[in-house]
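Residue strings, one per chain:
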Amino acid sequence: MDKLEKRGYLDKDYLPHSLSTTALLKSLESAKPQARTAAAYLLSERQDIDEASLAKPLLKTLQFEKALYTKIELCRTLEKGSSATINEILPYLGIIGNNQHHSLPARVSKKQSYPLPRDIIARTIGHMKPENISTLFKGLKNLPLEQTRELIDAIGFLCFYNQIINEENCVK
């Protein structure tokens, strides 16, 4: 269990439900990965904090996070957001980690499903609610080319898995 704890794995029975929102935001800076995971999970259930104010510390934590399960929980919390969250996370496309596409592959993938975006923010966007699609299209107009590529990947994933095939903008 020690290895899992170092990676931020959290048994949901351990959750400190009594912490205030302020204390949970402070826990995102904890030296213990499990505390950061718990904070991200519990913050996603809070109604006393607006989306933009929640997205900012989550993104700050995600930028430097090394623990796998903590990263997953941070992304899950961001995925629940709407346009306010999208406006906060778009500038982070293509800058967290080093897992983005930098060139086209030599051969075409033979997968029959839509491949998961490699960029962590693009993956997060791809799992958001389909109602956010219009905000994502607006974001395409204001991003540099590298970030636009990542956003197109995220939109493709979102459209494919939510069967958004009749959306005129998706086709274009």
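Before reading further, recall that the structure is shown in the block above.
Residues numbered from 1 in each chain as written. Predicted model: local features only at pLDDT ≥ 70, side-chain atom pairs only at ≥ 80, totals over all residues. Heavy atoms only, no water.

**Student:** When you look at the overall build of the protein chain in this model, what are you seeing that I'm missing?
**Tutor:** Assigned secondary structure in the protein chain consists of 10 helices and 0 strands. Seen in sequence order, the protein chain has helices and strands lined up from the N terminus as α-α-α-α-α-α-α-α-α-α. Relative to its 172 residues, the protein chain shows a buried fraction of 42%. Taking as baseline every contact in the protein chain between residues at least 6 positions apart, the subset at least 24 positions apart corresponds to 73%. When the accessible surface of the protein chain is split by element, carbon and sulfur atoms take 52% of a total near 10,500 Å². (Helix = DSSP H or I, 4+ residues; strand = E, 2+ residues; numbered from the N terminus. Buried < 20%, exposed > 50% of the residue type's maximum accessible area, 1.4 Å probe, protein only. Contact = heavy atoms within 4.5 Å. Areas by Shrake-Rupley, 256 points an atom, 1.4 Å probe, with all protein chains shown as cover.)

**Student:** How do you make sense of the packing of aromatic side chains when you look at a structure like this?
**Tutor:** The description of two aromatic rings rests on the distance between their centres and on the angle between their planes. The full count for this structure, using the stated rule, is 3 aromatic pairs. For the ring pair Tyr9 and Tyr69, a centre distance of 5.3 Å and an interplane angle of 80° mean the geometry is edge-to-face. With Tyr9 in the loop between helix 1 (2-6) and helix 2 (21-27) and Tyr69 in helix 5 (residues 68-79), the pair connects residues that are 60 residues apart, well separated along the chain. Pairing Phe157 with Tyr161 gives two aromatic rings, centres 4.7 Å apart and planes at 45°, and the pair type is tilted. Remark: Tyr161 and Phe157 occur in helix 9 (residues 145-161); sequence separation between them is 4 residues, near one turn of the helix. According to the relative accessible area criterion, Phe157 is buried, its value standing at 7%. A network of ring pairs unites the aromatic residues Phe157, Phe160 and Tyr161 as a single cluster. (Phe/Tyr/Trp six-rings, centres within 6.5 Å; stacked < 30°, edge-to-face > 60°.)

**Student:** Is there a simple way to think about helix 5 in this case?
**Tutor:** Spacing of three or four residues puts side chains on the same side of an α-helix, whose turn is 3.6 residues. With 12 residues, helix 5 extends 17 Å between its outermost C-alpha atoms, agreeing within 8% with the 16 Å of an ideal straight helix rising 1.5 Å per residue. Looking at the packing, one finds that the buried side of helix 5 touches helix 3 (33-43), helix 4 (51-64), helix 6 (83-89) and helix 7 (120-126). (Expected span 1.5 Å × (residues − 1).)

**Student:** Honestly, the side chain of Gln34 in this entry has me stumped. Any pointers?
**Tutor:** Mapped onto the secondary structure, Gln34 falls in helix 3. Gln34 gets classed as buried once you look at its relative accessible area, which sits at 18%. If sequence neighbours within four positions are ignored, Gln34 has contacts with Glu5, Gly8, Tyr9 and Leu10.

**Student:** Quick question: what am I supposed to make of the environment of Thr22 here?
**Tutor:** Relative to the helices and strands, Thr22 resides in helix 2. Linking Thr22 and Leu43, residues 21 residues apart in sequence, is a C-alpha distance of 9.8 Å.

**Student:** Where do I start with the packing of helix 3 against helix 5 in this structure?
**Tutor:** Between two packed helices, both the angle of their axes relative to each other and the distance between the axes serve to describe the pair. Where helix 3 meets helix 5, the closest approach of the two axes is 8 Å, and the angle between their N-to-C directions is 15°. Judged on the interaxial angle alone, helix 5 and helix 3 are roughly parallel. Here the hand of the crossing between helix 3 and helix 5 comes out left-handed. Counting all contacts with helix 3, which are made through Pro33, Arg36, Thr37, Ala40 and Tyr41, the residues of helix 5 involved are Tyr69, Thr70, Glu73, Leu74 and Thr77. For the contact of helix 3 with helix 5, the per-class residue count stands at 5 nonpolar, 3 polar and 2 charged. (Axes fitted to C-alpha atoms, helices over the stretch in contact; angles between N-to-C directions. Parallel < 35°, antiparallel > 145°, perpendicular 65-115°, else oblique. Left-handed = near helix turned anticlockwise from the far one by under 90°. Nonpolar A, V, L, I, M, F, W, Y, C, P; charged D, E, K, R; others polar.)

**Student:** So what exactly am I meant to see when it comes to the pattern of salt bridges here?
**Tutor:** Close approach of charged atoms allows side chains with opposite charge to pair. Taken as a whole and assessed by the stated rule, the structure comprises 4 salt bridges. Two residues, Glu65 and Arg36, come together in a salt bridge whose shortest N-O distance is 2.7 Å. Separated by 29 residues along the polypeptide, Glu65 in the loop between helix 4 and helix 5 and Arg36 in helix 3 bring together distant segments of the chain. The exposure classification of Glu65 matches that of Arg36, with both residues buried. Put simply, Arg76 and Glu73 hold a salt bridge, and the shortest N to O gap is 3.5 Å. Here the residue Arg76 and the residue Glu73 both occupy positions in helix 5, the gap between them amounting to 3 residues, near one helical turn. (Salt bridge = Lys/Arg side-chain N within 4 Å of Asp/Glu carboxyl O.)

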